[in-house]
Amino acid sequence: MIENLQFVSIALEVVIAGLFFAAAIRGRPYLFGLALTFTIYVFYDLARQFAWDLPDAVLFGGFFVATVAALFSAIKIYRRA
């Protein structure tokens, strides 16, 4: 049951990334950061789910890039509000 929830969560992350990407290309470029963030989350979760043999530096580096991208988008959203 819990494994199924993990796959549902990953699928929802894919949808979220797609929605942010679609909004970004439709005139809201500040949302590219959130699209990138959720794309990296998908990769990270898949790597953990399927036990891909990746160096920790790749996973943690990607997670750091995702955090910086989300921060960038958050700042842009804040300035637009």
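These numbers were taken from a predicted model, which means no experiment stands behind them.

**Looking at the overall build of the protein**
And then number 1: What the protein contains, in helices and strands, is three helices and zero strands.
And then number 2: Viewed in the frame of its principal axes, the protein has a C-alpha envelope of about 40 × 30 × 20 Å.
And then number 3: A burial count over the protein gives 27% of its 81 residues as buried.
And then number 4: When contacts within the protein are restricted to residue pairs at least 6 apart in sequence, those whose partners lie at least 24 apart make up 57%.
And then number 5: On the protein, roughly 5800 Å² of surface is accessible, and the fraction owed to carbon and sulfur atoms is 70%.
And then number 6: Once the 6 positive and 5 negative side-chain charges of the protein are each reduced to a mean point, those two points are 26 Å apart.

**Some remarks on the packing of helix α1 (residues 2–25) against helix α2 (residues 32–49)**
And then number 1: At a minimum axis separation of 8 Å, α1 and α2 run at an interaxial angle of 155 degrees. Considered as vectors, α1 and α2 are oriented roughly antiparallel to each other. In the packing of α1 onto α2, the handedness of the crossing is left-handed. Between α1, through Glu3, Gln6, Phe7, Ile10, Glu13, Val14, Ile16, Ala17, Phe20, Phe21, Ala24 and Ile25, and α2, the contact on the second element is made entirely by Phe32, Leu34, Ala35, Phe38, Thr39, Tyr41, Val42, Asp45, Leu46 and Gln49.

**Overview of the packing of α2 against helix α3 (residues 56–80)**
And then number 1: Two numbers describe how α2 lies on α3: the axes approach to 7 Å, and their chain directions differ by 155 degrees. Taken together, the axis directions place α2 and α3 in an arrangement best described as roughly antiparallel. Crossing of α2 against α3: the hand is left-handed. Taken together, the residues of α3 that come into contact with α2 (itself represented by Phe32, Gly33, Leu34, Leu36, Thr37, Ile40, Tyr41, Phe43, Tyr44 and Ala47) are Leu59, Phe60, Gly62, Phe63, Val65, Ala66, Ala69, Ala70, Ser73 and Ile77.

About the criteria used
Residues numbered from 1 in each chain as written. Predicted model: local features only at pLDDT ≥ 70, side-chain atom pairs only at ≥ 80, totals over all residues. Heavy atoms only, no water. Helix = DSSP H or I, 4+ residues; strand = E, 2+ residues; numbered from the N terminus. Buried < 20%, exposed > 50% of the residue type's maximum accessible area, 1.4 Å probe, protein only. Contact = heavy atoms within 4.5 Å. Areas by Shrake-Rupley, 256 points an atom, 1.4 Å probe, with all protein chains shown as cover. Lys, Arg positive; Asp, Glu negative; His and termini not counted. Charge placed at Lys NZ, Arg CZ, Asp CG, Glu CD. Axes fitted to C-alpha atoms, helices over the stretch in contact; angles between N-to-C directions. Parallel < 35°, antiparallel > 145°, perpendicular 65-115°, else oblique. Left-handed = near helix turned anticlockwise from the far one by under 90°.

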